Amino acid sequence: MRMYDIIKNKRDNKELTKDEIEFFVKGYTDGTIPDYQASALTMAIFFNGMTEKETAILTLAMANSGDTVDLSQFENKTVDKHSTGGVGDKTTLIVAPIVASLGCIIAKMSGRGLGHTGGTVDKLESIDGFNTSLTNEDFFEQVKNIGIAVIGQTGNLTPADKKLYALRDVTATVDSIPLIASSIMSKKLAAGSHTIVLDVKCGSGAFMKTPEDAKSLAEEMVKIGKNNGRNMAAIITDMNTPLGKNIGNSLEVIEAIAVLSGNGPDDLKFVAKALATEIVALSKNINTKEASELVENAISDGSAFNKLKEWVVAQGGNGEWIKNPDNFPKAKFCEDIFAENDCYISSMNAEEIGISSVILGAGREKKDDTIDMTAGIILNKKTGDKIKKGDIIATLYTNNESSLKSAKEKFLKSLELSDIKPQEIPLIYEIVR
Ligand code: URA
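Just so you know, these numbers come straight off a predicted model, no measurement behind them.

S.K.: Whenever I open this one, the layout of surface pockets confuses me. Can you help?
M.R.: Any empty space left between atoms is shown by rolling a water-sized probe over those atoms. Approximately 560 Å³ is the volume found for the second largest pocket. If you go around the second largest pocket, you meet 20 residues; those closest to its centre are D267, K382, T383, E424 and L427. In terms of residue class, the lining of the second largest pocket is built from six nonpolar, five polar and nine charged. Two domains each donate at least three residues to the lining of the second largest pocket, and these are domain 2 (72-323) and domain 3 (330-418).

In structure tokens, the structure reads:
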């Protein structure tokens, strides 16, 4: 078999065979297929797509390209959630302790920030002492003891995805439905949880810009999971506007703590509760109403907050920071952005806001950059809000004073202002089960 012919077949819009797809995944993972041939194939996939059958084969080949996690000792109680990536999306920090406090088992691997989107591992590392690289033994011990552990992706899980993702990131082939579906689902299948709830983001800050594309991606991933014996659902949520008010690592942890303390912004609470409800309903095989009541109670009686504290302390984090978020260090420099006129915010481009927070130091521009955990943005006004001249729209935070100017320019470019109140955009478009 020759890689040349596989590329040619996909270029000519032919369906690839199981042997061809497996040949490619094996060869690219072990280095016998070079980057230039892999990028030609991913570009051909970008333009011509893949059939459902091809995507399913690609997903399984990638899931089996390295180690897989065996969670069978926890029976069918293991649950996982995955977001396709957004700005201000700290829902894992809220959902994981809620569902763990209700008896679901979270043995989870999370990612770091990517491009303009944040990552759970970086956020957790903004908590003093929090260790995201537990040994296998400590990871399983912690899950057994308290029902929750979240670590960074370990060594040899889906090496095919690791290489392909890095390639796609620099060859403009990330935003392809079959490539995203196989990338996400290969990791989820390899990570072993029985119940998987996906948060498929849709809008200016997401890879999927329209509800139609988000739905196709959601349906594809749900089908792949179900065909592999997993309990699956996907919630399509809005990412035209950042979720919540805080963007940036420690700022997002502080906001997650607020939600688990019964406070926090309404949009974030709504999406986090919907995700937790879906996980609890699927995992316990109960209806949405019952699951939603359990989730509400876990927040109001403090058990979800206590689970967060227990989890943070178990992973070496400073529980005092959770009890009193004033302990989180503050950025040295901040700048308010003021409204210049009376008007409405008719839209905020979440991707531009994400990039603005990366400029401030909250994300990486290059792979090896270190993150400023205190950097980010607090939104005081959001899409649909009426603003008056002199109101603070947002505050930028950083330890690098020289980044403020360009971050502010980027932020201002993200705003569309109007005299007319914009139409409301739903927070949740649809649930695919
Ligand atoms: N997240 C992933 O893990 N993979 C993708 O391809 C896109 C988002």
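So, next bit.
S.K.: Please clarify how the pattern of salt bridges should be interpreted in this entry.
M.R.: Close approach of charged atoms allows side chains of opposite charge to pair. Across all of its chains, the model carries 30 salt bridges by this definition. Residue K215 is joined to E430 by a salt bridge in which the shortest nitrogen-to-oxygen separation is 3.2 Å. On the criterion of sequence distance, the pair formed by K215 in helix α10 (residues 211-227) and E430 in strand β13 (residues 428-432) is long-range, its members being 215 residues apart. Its salt-bridge partner being K381, residue D391 comes within 3.9 Å of it at the nearest N-O pair. Residue D391 is found in the loop between β10 (386-387) and β11 (392-398), and its partner K381 is found in the loop between β9 (376-379) and β10; the two are separated by ten residues along the sequence. Its relative accessible area of 21% is what places D391 among the partly exposed residues. Salt bridges here are not isolated pairs; linked through shared partners, they connect R112, D122, E125 and R364.

Cut-offs applied
Residues numbered from 1 in each chain as written. Predicted model: local features only at pLDDT ≥ 70, side-chain atom pairs only at ≥ 80, totals over all residues. Heavy atoms only, no water. 1 Å grid on protein atoms, 1.4 Å probe; cavity = no way out; pocket = protein on both sides within 12 Å on 5 of 7 lines; lining within 4 Å. Points joined across faces, edges and corners; volume = space filled by probe spheres on them. Nonpolar A, V, L, I, M, F, W, Y, C, P; charged D, E, K, R; others polar. Domains from an automatic or database assignment. Salt bridge = Lys/Arg side-chain N within 4 Å of Asp/Glu carboxyl O. Helix = DSSP H or I, 4+ residues; strand = E, 2+ residues; numbered from the N terminus. Buried < 20%, exposed > 50% of the residue type's maximum accessible area, 1.4 Å probe, protein only.

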